[in-house]
Amino acid sequence: MKKECIAMLLAGGQGSRLYVLTGEMAKPAVAFGGKYRIIDFPLSNCTNSGIDTVGVLTQYRPLELNSYIGSGVPWDLDNSTGGVHILPPYMGSKGGTWYKGTANAIYQNMGFIDLYDPDYVVVLSGDHIYKMDYSRMVERHKAAGAACTISVMEVPWEEAPRFGIMSVDENDLITEFAEKPKEPKSNLASMGIYVFTWQTLRKYLTEDEADPNSENDFGKNVIPAMLGNGEVTRRGRGEVMAPYRFSGYWKDVGTLESLWDANMDMLSPESGLDLLDESWPIYARSVNAPPAFLGARSRVFHSAFNRGSDIEGIVENSVLSPQVNIGEGARVSYSVLLPGAVVEPGAVVEYAILGENCRIGRNCRVGGTPENTAPAPWGLTVLAPNCVLAEGQTVAPGIMLDRDGKEVSRK
């Protein structure tokens, strides 16, 4: 069936910079904001943008992610003429391999894309928190007559070396792309969101796959090849490449600190991350649990909590996922608690991320405030899913524990 535009969502990464949180699940399946999973954001953006056909490319520990997406009902992506499709690596008649890079992942699924014969393909990452109308980006792509349009946003100059940086000419077309340059020429950072004219991309993916020296990556190989080594004009040998300038909230939550930051941003309207905006809803799979219960002595300040939670203690400036239990006399502050976490009576949790189904024993102390750790270095305290602390145990700021309670290095 012919489609003007479909989306391909790259969701197979290990998420190694989230360390213990992704030891048993893919990064896009990690809980966020008390109600969501990270993958809810690009899926909801697709639905709100009118894109009804989405391929989700999975690889690393996909079971929980696959189960969560299901048939796509929460995002209205269960239609018979498109819908959401899970696309793991597979073995064909000529063999098969794991996805070797972002470009190779799309290459291995060219047959799926060809089923819909799209004019345009939107390529998305599964680890970003943002709200974007992809239809506007596609319109920019059409107006520029581009082979590729890349979503960009201005970042502080001092942060530019962390990103892929775009340089543009007087016609607002991309002339150069530099991956994490030491001396950036621009502060226009790539957001890892692309619109391609499909037949053009198909040619470049085929050429890239045939190059034994390629890393099969969009940023390192395909984009530079399309630019023709920086010589881009409408008459030059490079393809027309256009930027799409984005000015809303966007955060790559690929690190522990950025994941914590984004959760805290959700509690602050001035951050620009408004998840209550009914004009652009973020959909999520509903939680089958009773309403949250707040005990007579509980106190909750500037925090988010969800269904199935039982709060008897004090919660401040924190984000609680569904089915979290806070015991009487316990205190949780500036922390993110993922589904099923339990903080027993008398325990204190500060500036921490607790993985799914963690249990903090009575009178434990986990983490601490930045001002109370000098001269020792401060950092977020992170506990892996299913980690259990015995009564009275102390975990210092900046420490990370695996599911067996053993300290893990962040190096």
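Residues numbered from 1 in each chain as written. Predicted model: local features only at pLDDT ≥ 70, side-chain atom pairs only at ≥ 80, totals over all residues. Heavy atoms only, no water.

A. Broad picture of the sheet that holds strand β17 (residues 314-316). What the six strands build is an open sheet, ordered β15-β17-β20-β23-β26-β29; its pairing is parallel. Since the sheet does not close on itself, it has two edges, and those belong to β15 (299-301) and β29 (394-395), each with one partner. (Pairing = 2+ DSSP bridges. Helix = DSSP H or I, 4+ residues; strand = E, 2+ residues; numbered from the N terminus.)

B. Region of the structure containing the pattern of salt bridges. Under the defined criterion, the tally for this structure stands at 24 salt bridges. Of the charged contacts in the structure, one is a salt bridge between Glu209 and Lys100, with a shortest N-O distance of 3.2 Å. Of this pair, Glu209 sits in helix α6 (residues 198-210) while Lys100 sits in the loop between β5 (83-87) and α3 (102-107); the two residues are 109 residues apart in sequence, bridging distant segments of the chain. Residue classification places Glu209 among the partly exposed residues on the basis of a relative accessible area of 24%. The exposure class assigned to Lys100 is partly exposed, which follows from its relative accessible area of 48%. Where Asp172 meets Arg245, a salt bridge forms, and the shortest distance between an N and an O atom there is 2.7 Å. Of this pair, Asp172 sits in the loop between β9 (164-168) and β10 (174-179) while Arg245 sits in strand β12 (residues 241-245), and the two are 73 residues apart along the sequence. When its relative accessible area of 24% is taken as the criterion, Asp172 is described as partly exposed. Its relative accessible area of 42% is what places Arg245 among the partly exposed residues. Each of the salt bridges in this network shares a partner with another, and the network as a whole consists of Glu316, Arg331, Glu350 and Arg365. (Salt bridge = Lys/Arg side-chain N within 4 Å of Asp/Glu carboxyl O. Buried < 20%, exposed > 50% of the residue type's maximum accessible area, 1.4 Å probe, protein only.)

C. Looking closely at the pairing of strand β8 (residues 148-154). Within β8, six of the seven residues are buried, which leaves it mostly tucked inside the rest of the structure. As paired strands, β8 and strand β11 (residues 188-197) are joined by six bridges and run antiparallel to one another. When the bridges of β11 are listed, Met153 appears paired with Ala189. Bridge count between β8 and β12: five bridges; the pairing is parallel. Bridge pairing in β12 places Cys148 opposite Met241.

D. Broad picture of the sheet that holds strand β21 (residues 336-337). What the five strands build is an open sheet, ordered β18-β21-β24-β27-β30; its pairing is parallel. Each edge of the open sheet is held by one strand with a lone partner, namely β18 (319-320) and β30 (400-401). Relative to strand β24 (residues 352-354), β21 runs parallel, the two sharing two bridges. Residue pairing in the sheet places Leu337 in a bridge with Leu354 of β24.

E. Molecular detail of the pairing of strand β4 (residues 53-57). Across the five residues that make up β4, a large majority, five, are buried. Side-chain alternation along β4 places Thr53, Gly55 and Leu57 on one buried face and Val54 and Val56 on a second face that is also buried. Note: strand β1 (residues 5-10) against β4, four bridges, orientation parallel. Counterpart to Met8 in the pairing with β4 is Gly55. As paired strands, β4 and β5 are joined by five bridges and run parallel to one another. Considered in β5, the bridge of Val54 is made with Val84. The parallel pair β4 and β5, bridged by helix α2 (residues 63-69), forms a crossover whose chirality is right-handed. (Right-handed = clockwise from strand over helix to strand, strands pointing away.)

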